[in-house]
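Below, each chain spelled out in residue letters.
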Amino acid sequence: MAPQQESAAGVLDHLDTRVPTSFYWSLTLLATVGGFLFGYDTANIGSVVNFLPWSLGSLALGYLVAGASIGAAVGALAAGPTSDRLGRKSLLIVDAAIYAVGALLSAFAWDAWVLLFARTLIGLAIGADSAIATAYIAEYAPKARRGALGILQQWMITVGILISYVVALAVLVPLPQHARSFDWRLLLGLGAVPALFALVLRTRMPESPRWLMRQGRYDDTHDALAKLDIDVSAEQIERSAHEIERQEAQAGRSSRNWTRGVKRALIVVCVFFAFQQITGINLTFYYGPKLLQPYLQSGGDKVQAAVAAVAVTALMSVVNVVATYFAFKFVDRVGRRKLALGGYAVMSVAMLIGAAGVAFTGGLTRILLIMLGLNIFIAAFAIGVGGTGWLIQGEYFPTAVRGRAAALGAAADWIANFALILLVPTMLNGFGLAWLMVLFAVLSAVALLFVNSFIPETKELSVEEITEIFERQAAHQHQPAH
C-alpha cells in the first residue's frame, strides 16, 4: 500500500494514532532502565546507612542520603541543552555509563568522602536520565497511550526501589555478621550490573523522530519511523516539517523561542515537582529503615532490628509497585488531573493517621497505625502523583525546547528532593516524627489546591495540542483589561 498523502502535520498524526506494538513497549522499557537505576541507587543507601563503618553527623548523613539528588539537579540542567543539540539517544547512552562508574566507585569507597563523591556522581546520571527519558518517550508515544508509556518511568523507579530492598534482605539475612564489612559494599556495587546492560542495549535505540524532524534530518527521521513500523517517505516528512513551521509562523511565534506558553508550562511543572518531593514520599524510602528501627527493636540487638526495618520497608516498596500499576492502568482513562487531585487528598489524610499513631499510641498499636498511614500515603502517591509528574514533564513542552524545559523541571524536582532529605535528620531531631508528618499533611493539602487551579487535563491530546493549551492560557492572562 502506498503511503497516504499528508495534510498539515500528517507524519506526526501517524505517530499520535499508532497502536503500540511490542516494539514500543520494549523500547519504553529500555528508555526507562534509568528509572530502575534511579530507584535502586537512591533507595539502596537506606539499606546500608546503618552499617557504614564511618561515623557521620546529621548534615553528613543527610548529604549521604541526598547527595545523589544535588548531583541529579546538576545532571538534569546539563542534559537539557545537550539533548536539544545532540539528541535524546546519545545522552541516554552516556547516562548508563555514569551509573556504572558511580556504582562501582561506591562499592570500593575507601573513606566517607569517596562514597559521598560517588553518590553525587550517580546523581548526575539520575538527573540526566530523569530529564530526558520521558521527553524521549513523549516524542514517539501515541497520544491515546502516552500516559501508560510515560508512567512506565515511575513504575521502573518503584521496581528499582523494591529490588534494592529485596537484594538487601537476600544479602543481610544470611550474612548479618558481614553487614559492616562486605554486605553494604555488595549492595551498592550491584547497581553496576543493569547499568552495563543498558549501556549496550541503548546503542540500538532509534533517535526521537520528532527531534530528528526538527533538525531537518529527514532521511534519519524516515529510518527512525521505519523502526516504529511507520511507512512514510522522506519527502512526506519534509512537507510535514515545513507545514508545522508555517502554522507556527502564522500563529506569530517560533517553535525555537521560549514563548509565554512555554514559560507558563515550565512554572506549572516545576511547582508540581516541588510538591511531589516536599510532601514526604522519600522520607519513607530513603530513611525508612532508620526511622522504623527504634519501633521494631524489642531487645538490645540493633543489627536484627535494622534488618527487620529493611524488611518492613521492602513491604512498603511492594505497595509502591502495585499501586503504580494502577496508575499505569488508569492514567489514560481517568486522566492526569483527577488522579493527582485524588492522590494529594488521600496523602494528606494518610499522614495525619501516621502522625496520630506516633503521638498518641504505643506498642503494637503505634506500629500498626504508622504502617497503615505510610502504606496508604505511598499508594495514593503512586497512583495519583508520582508518575503524573514525570508524565507532564515529558508532554507539556514543544519539541524544539523540550529537552531544556524538561531538564529545568527535573532540576526543580531534585533541588526540592535534596533540600528536604538533607534537612530530615535535623527536623526529626528538632520537633520529631509526628509533627514532621503533620507538616507533610498540610503541604499535601496545599498541593491539592495547586493542582485544582493550574493542572489542565491532557489525556488523549497530542503534545502539540497540549502546548497550545498553555499558549492560550498565557495569551488570556496577558490580555489588557477593558
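Let me begin by describing the structure that accompanies this report. Values in this document were obtained by computation on a predicted structure and should not be read as measured data.

**Concerning the side chain of Glu395**
Following the sequence through the fold, Glu395 ends up in helix α17 (residues 363-395). On the accessibility criterion, Glu395 (0% relative accessible area) is buried. In this structure the side chain of Glu395 is engaged in a polar contact, spanning 2.8 Å, whose partner is the side chain of Arg146. Here Thr458 takes part through its side chain, which lies 2.6 Å from a polar atom of the side chain of Glu395. What Glu395 contacts, discounting residues up to four positions off in sequence, is Ala138, Arg146, Arg336, Thr458, Val463 and Ile466.

**Here we look at the environment of Glu139**
Here Glu139 shows up in the loop between α6 (112-138) and α7 (146-172). A relative accessible area of 0% means that Glu139 is categorised as buried. If sequence neighbours within four positions are ignored, Glu139 has contacts with Leu15, Arg88, Ser208, Pro209, Arg210, Trp211, Thr399 and Arg402. There is a polar contact of 2.4 Å between the side chain of Glu139 and the side chain of Ser208.

**Considering the packing of helix α13 (residues 260-278) against α17**
Packing of α13 against α17 leaves a shortest axis separation of 10 Å and a crossing angle of 145°. Between α13 and α17 lies a crossing of left-handed hand. In this structure, α13 contributes Val269, Phe272, Phe273 and Gln276 to the contact, and α17 contributes Phe381, Val385, Gly386, Thr388, Gly389, Trp390, Ile392 and Gln393. Split into classes, the residues belonging to the contact of α13 with α17 amount to 7 nonpolar, 5 polar and no charged.

**Points about helix α2 (residues 22-31)**
Among all positions in α2, only Tyr24, Leu27, Thr28, Leu30 and Ala31 are buried. The arc that holds the buried residues of α2, viewed along the axis, is 160°, so those residues lie on one side.

**Brief notes about the packing of aromatic side chains**
In this structure the tally under the stated criterion is 12 aromatic pairs. With centroids separated by 5.3 Å and ring planes inclined at 70°, the aromatic side chains of Tyr136 and Tyr140 adopt a geometry described as edge-to-face. The burial state of Tyr136 is the same as that of Tyr140; both residues are buried. The structure contains a cluster of three or more aromatic residues connected by ring pairs, namely Trp25, Tyr325, Phe326, Phe328 and Phe330.

**A word on helix α9 (residues 192-201)**
Restricting attention to buried positions, one finds in α9 the residues Ala192, Ala195 and Ala198. Each buried residue of α9 sits inside an arc of 120° when the element is viewed along its axis, so together they form one side. Turned more than 90 degrees from where α9 packs its buried face, Phe197 and Val200 sit exposed.

**Thoughts on a negative patch on the surface**
A surface patch of like charges, here negative, comprises Asp219, Asp223, Glu235 and Glu238. For the negative patch, the secondary structure elements donating two or more residues are α11 (218-227) and α12 (234-250). Turning to its location among the elements, Asp219 is positioned in helix α11. Since its relative accessible area comes to 56%, Asp219 is described here as exposed.

**A closer look at a nonpolar patch on the surface**
There is a patch of nonpolar side chains on the surface, built from Leu190, Val193, Phe197, Val200 and Leu201 and spanning about 440 Å² of accessible area. Along the chain, the position of Leu190 falls in the loop between α8 (179-189) and α9. A relative accessible area of 32% means that Leu190 is categorised as partly exposed.

**Comments concerning the nonpolar core**
Among the nonpolar cores identified, the biggest contains 133 residues, and Phe272 and Tyr396 are the most heavily contacted of them. For this core, the leading source of residues is helix α18 (residues 399-454), giving 21 residues. Those residues in contact with Tyr396 that sit more than four places away from it in its chain are Ala265, Val268, Val269, Ile455, Pro456, Thr458, Ile466, Thr467 and Phe470. Residues Ala148, Ile151, Leu339 and Leu391 belong to the second largest nonpolar core, which totals 8 residues.

**Structural notes on the pattern of salt bridges**
Counted by the stated rule, this structure contains 9 salt bridges. Arg217 is the partner of Asp220 in a salt bridge, and the nearest nitrogen-oxygen pair spans 3.0 Å. Members of the salt-bridge network, linked through shared partners, are Asp84, Arg88, Glu139, Arg402 and Arg404.

Definitions and limits used
Residues numbered from 1 in each chain as written. Predicted model: local features only at pLDDT ≥ 70, side-chain atom pairs only at ≥ 80, totals over all residues. Heavy atoms only, no water. Helix = DSSP H or I, 4+ residues; strand = E, 2+ residues; numbered from the N terminus. Buried < 20%, exposed > 50% of the residue type's maximum accessible area, 1.4 Å probe, protein only. Polar contact = N/O pair within 3.5 Å; in protein donor to acceptor, adjacent residues only side chain to side chain. Contact = heavy atoms within 4.5 Å. Axes fitted to C-alpha atoms, helices over the stretch in contact; angles between N-to-C directions. Left-handed = near helix turned anticlockwise from the far one by under 90°. Nonpolar A, V, L, I, M, F, W, Y, C, P; charged D, E, K, R; others polar. Arc of directions from axis to C-beta. Phe/Tyr/Trp six-rings, centres within 6.5 Å; stacked < 30°, edge-to-face > 60°. Patch = residues over 30% accessible without salt bridge, like charges linked within 9 Å, V, L, I, M, F, W, Y side chains within 5 Å. Areas by Shrake-Rupley, 256 points an atom, 1.4 Å probe, with all protein chains shown as cover. Salt bridge = Lys/Arg side-chain N within 4 Å of Asp/Glu carboxyl O. Lys, Arg positive; Asp, Glu negative; His and termini not counted. Charge placed at Lys NZ, Arg CZ, Asp CG, Glu CD. Core = buried A, V, L, I, M, F, W, Y, C linked by side-chain atoms within 4.5 Å.

So far we have only geometry, and geometry alone does not tell us how the molecule works.
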